Amino acid sequence: MSAYDQLLHEGYLVGRIGSGTFVSEGVPDDLLHPAPANVRMRSARRSNGAVRRHVGANRPGAASWSFPVVPFQGGLPALDLFPFAVWAKLIARQVRAETLEQLAYVDPAGLRALRIAIAEHLRASRAVRCTADQVLIVPGSQAALRLAGATLLAPNDRVAIEEPGYFGAHRALRAAGAQLVPVPVDAEGLDVAALQRRGPDIRAVYVTPSHQYPLGATMSATRRFALLDWAARNDAWILEDDYDSEFRYISRPVSALQGMDVHDRVIYMGTFSKAFFPALRLGYIVVPATLWSGFLESRFAFDLFTPTLYQRALAEYLKEGHFARHLRRMRSAYLERRDAVLRGLALHCADLVRVHNSDAGLHVTVMLRNDADDRGVAERLGRRGVAALALSNAYVGPGRRQGLLLGFGCAEPQRLLDATRILGDVLREPA
Ligand SMILES: Cc1ncc(COP(=O)(O)O)c(C=O)c1O
């Protein structure tokens, strides 16, 4: 039954009431079988010539940079449950054991032991097809996107993004000189038919298939295959941001899109910002073998390499099994925190908000009435010591829906419950 549930959830099966369960028509048979190696090589050779490098101009944004650790703050994990003692021991051990070589310059790709541990973790838990030779260590997903932009894009290249989507990706891609082309998302993730209508000259698409940011959809199997097919036919790149896939509450984690790609079109990126802590500034990018030298060159040009002390400590943390244990603990803590938010919303805001998605990740997305002002609400919440991100800020085009992203990672259940009461008060008071 749980295998059926998972396949239904991922869109491989469809259930028809009264007649049974069927394989989804959108899953093409030929794509389920890996293409022969010579097809992959041809596709790789074509794209190799298209690898271009560019360092774009940076445009500072107007957002606030402060991130107080308060209820509903977006993007923060449970810092209060951080395993300080183990981490401090590992750091101290690494500092004591430091050799002169470790204090000098090292490989821009990152520490080998960490790359091996990450490749193992991704193969086992995300079905990513990779070896350590395809893994580059970077200072987080933001850097991964900058690197992908610098390696693959030329100024004014058109890059499709999810609408609404992740502001950090918008910034990184704009900084690489890209023209952003918003494509709507619905309950199945990015609308690939709409992407196709945007024309053949789109160089890349940025997606969050496991947990769409910010609306929360999981990209269906049909859409995944359609997107991979679109990329192969258009010689375009897929930038897959798998930022918080470790945490799912209603089904098992959905595999990464990268693992389904037989044409080497996917550049996969992940981060330890959610699973561990953001100030670590450690993430990774998995690139097709054919793009490796281009990415390594950009990595070197960018900032030579990522500081090594945290890399060494993290490699030990993974190798000794602490990370897997930490994830298990965090999953149950987040489930409790998410449930506290849902309970609080039902209690204090039932007639004021509609819960849009709470299946995975570290935030619950709620919709407000269309005539509401989500930015104003977020501001008033801020004055009451509660954070929230306004959904309308996640759009680059017009037609912005009004809603809030309620982060539940960084506050205990009772504080989250109290925050839902404050949210109810704020929504009831005249603007
Ligand atoms: C969609 C998305 N990607 C990536 C990240 C994390 O970025 P980083 O690894 O740069 O900390 C976030 C953080 O909130 C996010 O929401």
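Preceding this paragraph is the structure being described.
Each chain has its residues counted from 1, running along the sequence as written. With pLDDT at 70 or above as the cut-off, local features in this predicted model cover only qualifying residues; side-chain atom pairs require 80 or more to be listed or tallied, and sums for whole chains, interfaces and linings still use all residues. In computing side-chain values, all of the structure's heavy atoms are included and hydrogens and water are not.

### Some remarks on the site of the ligand
Right, so step 1: The environment of the ligand is formed by 13 residues, the closest being Ser141, Asp241, Thr271, Ser273 and Lys274.
Right, so step 2: Serine 141 is positioned with one of its backbone polar atoms (N or O) 2.7 Å from an oxygen atom of the ligand.
Right, so step 3: With respect to the ligand, the side chain of arginine 281 contributes an N or O atom lying 2.9 Å from an oxygen atom.
Right, so step 4: Burial of the ligand by the surrounding chains reaches 91%, relative to a free accessible area of 400 Å². Only heavy atoms are used to decide nearness, and a residue is near a molecule or strand if one of them lies within 4 Å of it. Within 3.5 Å is the distance limit for a polar contact, defined as a pair of N or O atoms, with the added protein rule that one can donate a hydrogen and the other accept it, and that residues adjacent in sequence qualify only through two side-chain atoms. Computed by Shrake-Rupley with a 1.4 Å probe, the accessible areas treat only the displayed protein chains as cover when residues are assessed.

### Concerning the sheet that holds strand S14 (residues 403–407)
Right, so step 1: Between any two strands, pairing holds if DSSP finds at least two bridges. Only runs of H or I of at least four residues qualify as helices and only runs of E of at least two qualify as strands under DSSP, and these elements are numbered from the N terminus. Taken in spatial order, the four strands of this open sheet run S11-S12-S14-S13, and their pairing is antiparallel. The sheet is open, and its two borders are formed by strand S11 (354–357) and strand S13 (389–390), each paired with just one other strand.
Right, so step 2: Across three bridges, S11 lies against strand S12 (residues 363–367) in antiparallel orientation. Bridging across to S12, asparagine 357 finds its partner in threonine 365.

### Things to note about the environment of aspartate 425
Right, so step 1: Here aspartate 425 shows up in helix H13 (residues 413–428).
Right, so step 2: With 271 residues separating them in the primary sequence, aspartate 425 and alanine 154 have C-alpha atoms 49 Å apart.

### Side note on the pairing of strand S9 (residues 266–271)
Right, so step 1: The buried fraction of S9 amounts to six of the six residues, a majority that puts the element mostly inside the structure.
Right, so step 2: For the exposure calls, accessible area comes from a 1.4 Å probe over protein chains only, and a residue counts as buried if that area is under 20% of its type's maximum, exposed if over 50%, partly exposed in between. Alternating positions in S9 separate into two faces, Val266, Tyr268 and Gly270 on one and Ile267, Met269 and Thr271 on the other, with burial throughout.
Right, so step 3: As defined by bridge partners, strand S8 (residues 237–241) adjoins S9 across four bridges and the pair is classed as parallel. By the bridge assignment for S9, glutamate 240 is matched with tyrosine 268.
Right, so step 4: One ladder, built from four bridges, connects S9 with strand S10 (residues 283–286); its direction is antiparallel. Bridge assignment links glycine 270 to a residue of S10, and that residue is tyrosine 284.

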